[in-house]
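Structural overview
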Amino acid sequence: MPQSLPEPEFDQLYRELILDHYRNPRHREPLAKPDVVAEGYNPLCGDEVEIRLSFDNGTVSDLSVDGRGCSISQASGSMLTDLVIGKRADEVRSLSGLFTKMMTDPEGEPPEELGDLEAFQGVAKFPVRVKCATLAWHTLEDGIQQHDEGGHTARHEE
Ligand code: ZN
């Protein structure tokens, strides 16, 4: 990570949660036969994610999130997996919208729907790091849009 980017400080509980997901990312093993592969890149920090999605009747039936980069970007990608699997595409868009909005509002009440992802609200105080937290969400949204349009690959730059 470039040294110029500030390092947000988290409450102890959130810090442990983020580090746990960073060190032991969930659903990281790439899906073998995804419907869509979406790649995301955040040049500001050098973060990369690859999200593979499977759909069943408009529902995200499975996904994997692989990548490399800072703990915020990778933990965010890991943490969204369990929230998103089984949700309809429009529900995922709505969650992504809530997350993105939370990242512009460091003082607001974090939306209940986001569960543990409220851990990232502290990043909102560091605008140059917000893209680290939103990279996986926005890459996921691009992947869903590609699927809606009949495509199989997406590239997102944060
Ligand atoms: Zn980052």
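The following paragraphs examine the structure supplied in this document. No experiment lies behind these values; they were computed from the predicted model shown.

With that settled, consider the coordination of the zinc ion. At this site the zinc ion is bound by Cys45 (SG), Asp47 (OD), Asp47 (OD), Cys70 (SG) and Cys132 (SG), with donor distances of 2.2 to 2.7 Å. Taken in sequence order, the residues that donate to the zinc ion follow the motif C-x1-D-x22-C-x61-C. Residue Asp47 is found in strand β2 (residues 47-56), and its partner Cys132 is found in helix α4 (residues 127-148); the two are separated by 85 residues along the sequence. Across the pair, Cys132 and Asp47 agree in class, each one buried.

For soluble globular proteins, nonpolar side chains are generally found buried alongside one another. Counting residues in hydrophobic clusters, the biggest one holds 36 residues, and the most contacted among them are Leu53, Leu63, Phe99, Phe120, Trp137 and Leu140. Residue assignment for this core shows that the elements contributing at least two residues are β2, β3 (59-68), α2 (71-84), α3 (89-102) and α4. Considering every element that reaches this core, the biggest residue donor is α4, with 7 residues. The residues contacting Leu53, other than those within four sequence positions of it, are Leu31, Pro34, Asp35, Val36, Val60, Asp62, Leu63, Leu140, Gly143 and Ile144.

Criteria and thresholds
- Residues numbered from 1 in each chain as written.
- Predicted model: local features only at pLDDT ≥ 70, side-chain atom pairs only at ≥ 80, totals over all residues.
- Heavy atoms only, no water.
- Donors = N, O, S within 2.8 Å, 3.2 Å for Na, K, Ca; no water.
- Helix = DSSP H or I, 4+ residues; strand = E, 2+ residues; numbered from the N terminus.
- Buried < 20%, exposed > 50% of the residue type's maximum accessible area, 1.4 Å probe, protein only.
- Core = buried A, V, L, I, M, F, W, Y, C linked by side-chain atoms within 4.5 Å.
- Contact = heavy atoms within 4.5 Å.

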